[in-house]
Amino acid sequence: GALIVFAYVFNSVPLVIVGLIGVAYYLPIPKSWGSLSFPIFAQHGLVWLILIYGFRLVHLDSFLMSVPGYLVAVILTVAVCVVLTILVRKLLPRFANLVYGGR
């Protein structure tokens, strides 16, 4: 926790990532999230670009350069990828099986 606060004060993204990894090590991760890892990996680049351009359209690109902005962008990216994966699996199961490799 102290590392996260230190990183926030000094606006350093790598320190925040190290702090979050240290905290996440002790949190239980549900087994169902394992099936979402490849779809998130496959989609995050496109979602990240769309999110960055969306922030630029509403003139919030300077917000992305701060630690809270970066964390919000990462959380939104993962959330959008998860929602897209769930929608594709429910609406287009054969396509999801092809694209995600049956994972």
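Residues numbered from 1 in each chain as written. Predicted model: local features only at pLDDT ≥ 70, side-chain atom pairs only at ≥ 80, totals over all residues. Heavy atoms only, no water.

Trainee: What's the story with the overall build of the protein in this structure? I'm lost.
Mentor: In terms of regular secondary structure, the protein is built from 6 helices and 0 strands. Starting at the N terminus and ending at the C terminus, the protein contains elements arranged as α-α-α-α-α-α. Looking at the protein as a whole, 22% of its 103 residues qualify as buried. Taking the contacts inside the protein whose residues are at least 6 apart along the sequence as the reference set, 59% of them involve residues at least 24 apart. Here the protein displays about 7,600 Å² of accessible surface, and carbon together with sulfur accounts for 76% of that area. (Helix = DSSP H or I, 4+ residues; strand = E, 2+ residues; numbered from the N terminus. Buried < 20%, exposed > 50% of the residue type's maximum accessible area, 1.4 Å probe, protein only. Contact = heavy atoms within 4.5 Å. Areas by Shrake-Rupley, 256 points an atom, 1.4 Å probe, with all protein chains shown as cover.)

Trainee: Can you help me understand the side chain of Gln-43 in this one?
Mentor: By the secondary structure assignment, Gln-43 is in helix H3 (residues 37-57). Apart from residues lying up to four places away in sequence, Gln-43 is in contact with Cys-81, Leu-84, Thr-85 and Tyr-100.

Trainee: Help me understand the nonpolar core in this model?
Mentor: As a rule of thumb, nonpolar side chains are buried together in soluble globular proteins. Residues Leu-51, Ile-52, Phe-55, Leu-64 and Ala-73 constitute the largest nonpolar core, which totals 5 residues. In terms of residue count, H3 provides more of this core than any other element does, 3 residues in total. The residues touching Phe-55, leaving out its near neighbours within four places in the chain, are Leu-60, Asp-61, Phe-63, Leu-64 and Leu-76. (Core = buried A, V, L, I, M, F, W, Y, C linked by side-chain atoms within 4.5 Å.)

Trainee: Would you mind going over the confidence of the model for the protein with me for this structure?
Mentor: When pLDDT is low, close inspection of the predicted coordinates is not appropriate. For the protein, the average pLDDT comes to 79, and 84% of its residues sit at 70 or higher. Of all the helices and strands in the protein, helix H1 (residues 2-10) carries the lowest mean pLDDT, 65, while helix H5 (residues 67-91) carries the highest, 88. (pLDDT = per-residue confidence, 0-100.)

Trainee: Looking at this structure, I do not really get the side chain of Thr-77. What am I missing?
Mentor: Tracing the backbone shows Thr-77 in helix H5. In this structure Thr-77 comes out as buried when scored by relative accessible area, which is 5%. Setting aside anything within four residues of it in sequence, one finds Thr-77 in contact with His-44, Val-47, Trp-48 and Leu-51.

Trainee: Looking at this structure, I do not really get the packing of H3 against H5. What am I missing?
Mentor: Pairs of packed helices are described in terms of their axes, by the angle between the two and the distance that separates them. Close contact between H3 and H5 brings their axes to 8 Å; oriented N to C, the two are set at 125 degrees. Relative to H5, the element H3 is oriented oblique. The element H3 and its partner H5 pack so that their crossing is right-handed. Contacts from Pro-39, Ile-40, Gln-43, His-44, Val-47, Trp-48, Leu-51 and Phe-55 of H3 reach H5 at Tyr-70, Ala-73, Val-74, Leu-76, Thr-77, Val-78, Val-80, Cys-81, Val-82, Leu-84, Thr-85 and Arg-89. Its residues assigned to classes, the contact of H3 with H5 shows 15 nonpolar, 4 polar and 1 charged. (Axes fitted to C-alpha atoms, helices over the stretch in contact; angles between N-to-C directions. Parallel < 35°, antiparallel > 145°, perpendicular 65-115°, else oblique. Left-handed = near helix turned anticlockwise from the far one by under 90°. Nonpolar A, V, L, I, M, F, W, Y, C, P; charged D, E, K, R; others polar.)

Trainee: Which parts of the structure should I look at to understand the packing of aromatic side chains?
Mentor: Ring pairs (aromatic) are described by centroid distance and by the angle formed between their planes. Counted according to the given criterion, the structure contains 2 aromatic pairs. With a centroid separation of 6.4 Å and 40 degrees between ring planes, the pair formed by Phe-38 and Phe-41 is classed as tilted. With Phe-38 and Phe-41 both in helix H3, this residue pair falls 3 residues apart, about one helical turn. The exposure class of Phe-38 is partly exposed, given its relative accessible area of 28%. Ring centres of Trp-48 and Tyr-70 lie 6.0 Å apart, and the angle between their planes is 75 degrees; this geometry places the pair in the edge-to-face category. Residue Trp-48 is found in helix H3, and its partner Tyr-70 is found in helix H5; the two are separated by 22 residues along the sequence. For Tyr-70, a relative accessible area of 26% puts it in the partly exposed group. (Phe/Tyr/Trp six-rings, centres within 6.5 Å; stacked < 30°, edge-to-face > 60°.)

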